[in-house]
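# What the coordinates show
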Amino acid sequence: MTTIANSVSTKSVYGESTPVSIVIPHYRRRKTLLHTLATLNNLNHNLSVLECIIVDDGSPPSEQPCLTHFESKIDIKVIYLEDQGYQVSRARNIGIQNAKHDIIIILDCDLGVEPSFVESHLLHLNRSESTISVGLRDSYSKISEKNSDPNSLNIEALKDSSN
């Protein structure tokens, strides 16, 4: 996970109303992507200023997830690329190019995040005008396709665990 903040002329204070774009490259991992989106749905950050860009690197239609459960709370944009082999870097770059906010977090499609995920990145951005925040992959809960039975994934329960 990487956070990129475009250069700013004066020191900014980032908080829960700070617009953030989250770029998620995706290829053939429908169930894990849905779980990742469910954890994003439970962020402490103001979801109305959050943009989620999913860049699908050529998944067949059967592996493209239905996102209607999340689109009412999170601004989701999906960009479909033609399958030309493994091009995760290209997918990330296309997501960054299409981001509408200055602060961009790149997140793998198989990672669940804590509710404070965005705030943790913003905290580091508040320390310096030119910061790149890089999280360790092991610091997030990995979602495994092997451990994700499609018949037992309860999207409604994951959508908002606070209810």
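Please refer to the structure placed before this passage.
First, a word on what this report is: a plain description of the structure on this page. Residue numbers run consecutively from 1 along every chain, following the written order of its sequence. Reporting in this predicted model follows two pLDDT cut-offs: at least 70 for local features of residues, and 80 or more for side-chain atom pairs to be given and counted; totals over whole chains, interfaces and linings ignore these cut-offs and use all residues. Only hydrogens and water are set aside; all other atoms, that is, all heavy atoms of the structure, feed into the side-chain values.

### A few points about empty space enclosed by the protein
Here is the rule we go by: Definitions used for this entry: grid spacing 1 Å over protein atoms alone; cavity, a set of points where a 1.4 Å probe fits but cannot get out; pocket, an open set with protein on both sides within 12 Å along at least 5 of 7 lines; lining residue, one with an atom within 4 Å of a point. Grid points are joined across faces, edges and corners, and a volume is the space filled by probe spheres set on the points. Under the DSSP-based scheme used, a helix requires at least four consecutive residues in state H or I and a strand at least two consecutive residues in state E, with every element numbered from the N terminus. Each residue gets one label: Ala, Val, Leu, Ile, Met, Phe, Trp, Tyr, Cys and Pro are nonpolar, Asp, Glu, Lys and Arg are charged, and the others, such as Gly, are polar.
As enumerated under the stated definition, the model contains one cavity of 30 Å³ or more in all. Its volume calculated, the largest cavity comes out at about 30 Å³. The wall of the largest cavity is formed by His-26, Leu-33, Ile-54, Asp-56, Pro-65, Leu-67, Val-78 and Tyr-80. Mapped onto the lining of the largest cavity, the elements with two or more residues apiece are strand 3 (50-56) and strand 4 (75-80). Broken down by class, the residue content of the lining of the largest cavity amounts to six nonpolar, one polar and one charged.

### Looking at the layout of surface pockets
Space inside the largest pocket adds up to approximately 280 Å³. Surrounding the largest pocket, 15 residues form its lining, Pro-25, His-26, Tyr-27, Tyr-86 and Val-88 being those nearest its centre. Broken down by secondary-structure element, the contributors of at least two residues to the lining of the largest pocket are strand 2 (20-26) and helix 3 (88-97). With three residues, the top contributor of residues to the lining of the largest pocket is helix 3.

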